[in-house]
Amino acid sequence: MVDDRVVDIIKALGLKGLLKTPGREIDHGLIMALVERWRPETHTFHMPHGEVTITLQDVEVLLGLPVDGEAITGSTQKEWSPEVVDPLLPNAEEDQLHKYARCYILALLGDTFFMDKSGDRVHLMWVQQLEGLRNPRMCSWGSACLAWFYRELCRASDKKASQIGGCLLLVQYWAWVRFPYLCQTVEHGPPVGAYGPPMRGPLSLKWLWVTNKKNRHTHVFLDRWCGSRMKLN
């Protein structure tokens, strides 16, 4: 369980989506199919039926990240030594609480919205946005997440690239919204009210009980789209 004091800081930063966006295994075949259809010149996916892309509205709705507020800017050359070693104590002072919260939020950012290709590191430039936690700034985390992922898609579309970073959960949930046939149906979800009142949060909670289906073929879009067209005709 996360300390309530840390949760309050996360909410004050506008990062409530960090806590509510459900994590899941990534469908690498689906991601590969989308990367192959990404065009860096237009920042869009070229599908058989036209061009589509991920927008700020998608980020806000799917992940619960704010798209309004101050732009996230600053130096990319940041030196920072670890601040927390021991667990947070119930009677911890404000300075120690802020240090713990800063480390915890940084770890969450690196694990979800700003992943690098290694999957276990995070850029220290985000620490600049976590300073002054007594009166935190409301920043546009959604635009930063989307810009970061656009860059990763452009890099991954190069023929020499073999990996991709960024918020892969975003593109997977986005694909499930725009192409519902790519997502498995929930056959046996939890009974209504089994875990208390319905949860309010990002739209990604809709697929909390969807089982994983990984490594589908990269031609999935063309096959399924053509098949649906044939049925309509």
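Residues numbered from 1 in each chain as written. Predicted model: local features only at pLDDT ≥ 70, side-chain atom pairs only at ≥ 80, totals over all residues. Heavy atoms only, no water.

Some details on the packing of aromatic side chains
The geometry of an aromatic ring pair comes down to the distance between the two centres and the angle between the two planes.
And step 1. One pass over the structure, following the stated rule, counts eleven aromatic pairs.
And step 2. Ring geometry for W126 against W141: centres 6.4 Å apart, planes inclined by 45 degrees, an arrangement best described as tilted. Within this pair, whereas W126 is found in the loop between α5 (94-111) and α6 (141-156), its partner W141 is found in helix α6, the two being separated by 15 residues in sequence.
And step 3. Owing to a relative accessible area of 5%, W126 belongs among the buried residues under this scheme.
And step 4. A connected cluster of aromatic rings, assembled from ring pairs, spans W38, F45, Y150, W174, F179 and Y181.
And step 5. Here the basic side chain of R151 rests over the ring of W148, its NZ or CZ set 4.6 Å away from the ring centre. (Phe/Tyr/Trp six-rings, centres within 6.5 Å; stacked < 30°, edge-to-face > 60°. Helix = DSSP H or I, 4+ residues; strand = E, 2+ residues; numbered from the N terminus. Buried < 20%, exposed > 50% of the residue type's maximum accessible area, 1.4 Å probe, protein only. Lys NZ or Arg CZ within 6 Å of the ring centre and 35° of its normal.)

A word on the packing of helix α3 (residues 28-36) against helix α7 (residues 168-178)
And step 1. Their axes nearest at 10 Å, the elements α3 and α7 cross at an angle of 85 degrees. On the basis of the axis angle, α3 is roughly perpendicular to α7. When α3 is examined against α7, the residues L30, I31 and L34 are found in contact with a partner set consisting of L168, V171, Q172, W174, A175 and W176.
And step 2. Of the residues belonging to the contact of α3 with α7, the class tally is eight nonpolar, one polar and no charged. (Axes fitted to C-alpha atoms, helices over the stretch in contact; angles between N-to-C directions. Parallel < 35°, antiparallel > 145°, perpendicular 65-115°, else oblique. Contact = heavy atoms within 4.5 Å. Nonpolar A, V, L, I, M, F, W, Y, C, P; charged D, E, K, R; others polar.)

Focus on the layout of surface pockets
And step 1. Each pocket or cavity is described by its volume, and for the largest pocket that value is around 530 Å³.
And step 2. Along the walls of the largest pocket sit 26 residues, with H28, I31, Q163, I164 and L168 positioned nearest its centre.
And step 3. In terms of residue count, α3 provides more of the lining of the largest pocket than any other element does, five residues in total.
And step 4. Classifying every residue of the lining of the largest pocket by side-chain character gives ten nonpolar, ten polar and six charged. (1 Å grid on protein atoms, 1.4 Å probe; cavity = no way out; pocket = protein on both sides within 12 Å on 5 of 7 lines; lining within 4 Å. Points joined across faces, edges and corners; volume = space filled by probe spheres on them.)

Description of the nonpolar core
And step 1. Formed by 59 residues in total, the largest nonpolar core has its most connected members in W126 and W141.
And step 2. At the level of elements, α1 (4-12), α3, β2 (44-47), α4 (56-63), α5, α6 and α7 are the ones that each hand at least two residues to this core.
And step 3. It is α6 that contributes the most residues to this core, nine residues altogether.
And step 4. Setting aside anything within four residues of it in sequence, one finds W141 in contact with L13, L15, L65, P66, I72, L109, F114, W126, Q129 and L130. (Core = buried A, V, L, I, M, F, W, Y, C linked by side-chain atoms within 4.5 Å.)

Considerations on the environment of V59
And step 1. Tracing the chain through its elements places V59 in helix α4.
And step 2. Between the alpha carbons of V59 and V171 there is a distance of 9.5 Å; along the sequence they are 112 residues apart.
And step 3. Excluding residues within four positions of it along the chain, V59 makes contact with G64, L65, G142, L146 and L170.

So, unusual backbone geometry
And step 1. Not every positive phi belongs to a glycine, and H43 is a case in point at roughly 55 degrees.
And step 2. Among the structural elements, H43 can be located in the loop between β1 (38-39) and β2.

Considerations on a nonpolar patch on the surface
And step 1. Taken together, the side chains of V61, V177 and L203 present a nonpolar region at the surface, about 190 Å² in accessible area.
And step 2. Along the chain, the position of L203 falls in the loop between α7 and α8 (220-232). (Patch = residues over 30% accessible without salt bridge, like charges linked within 9 Å, V, L, I, M, F, W, Y side chains within 5 Å. Areas by Shrake-Rupley, 256 points an atom, 1.4 Å probe, with all protein chains shown as cover. Salt bridge = Lys/Arg side-chain N within 4 Å of Asp/Glu carboxyl O.)

Focus on the confidence of the model for the protein chain
And step 1. When the pLDDT values of the protein chain are averaged, the result is 79; 77% of them are 70 or greater.
And step 2. Per-element averaging of pLDDT across the protein chain places α8 at the bottom with 40 and β1 at the top with 94.
And step 3. Every residue in residues 217-233 is under pLDDT 50, and counting partners more than four places away or in other chains gives 20 contacts. (pLDDT = per-residue confidence, 0-100.)

Topic: the pattern of salt bridges
And step 1. All chains considered together, the criterion is met by seven salt bridges.
And step 2. Residue R178 pairs with D58 through a salt bridge whose shortest N-O separation is 2.6 Å. Of the two residues, R178 is situated in helix α7 and D58 in helix α4; the sequence distance between them amounts to 120 residues.
And step 3. Given a relative accessible area of 45%, R178 falls into the partly exposed group.
And step 4. Note on D58: relative accessible area 6%, which makes it buried.
And step 5. One salt bridge in this structure joins R134 and E94, with 2.2 Å as the shortest N-O distance. You can see R134 sitting in the loop between α5 and α6 and its partner E94 sitting in helix α5, a full 40 residues away along the chain.
And step 6. One salt-bridge network, held together by shared partners, links R151, E152 and R155.

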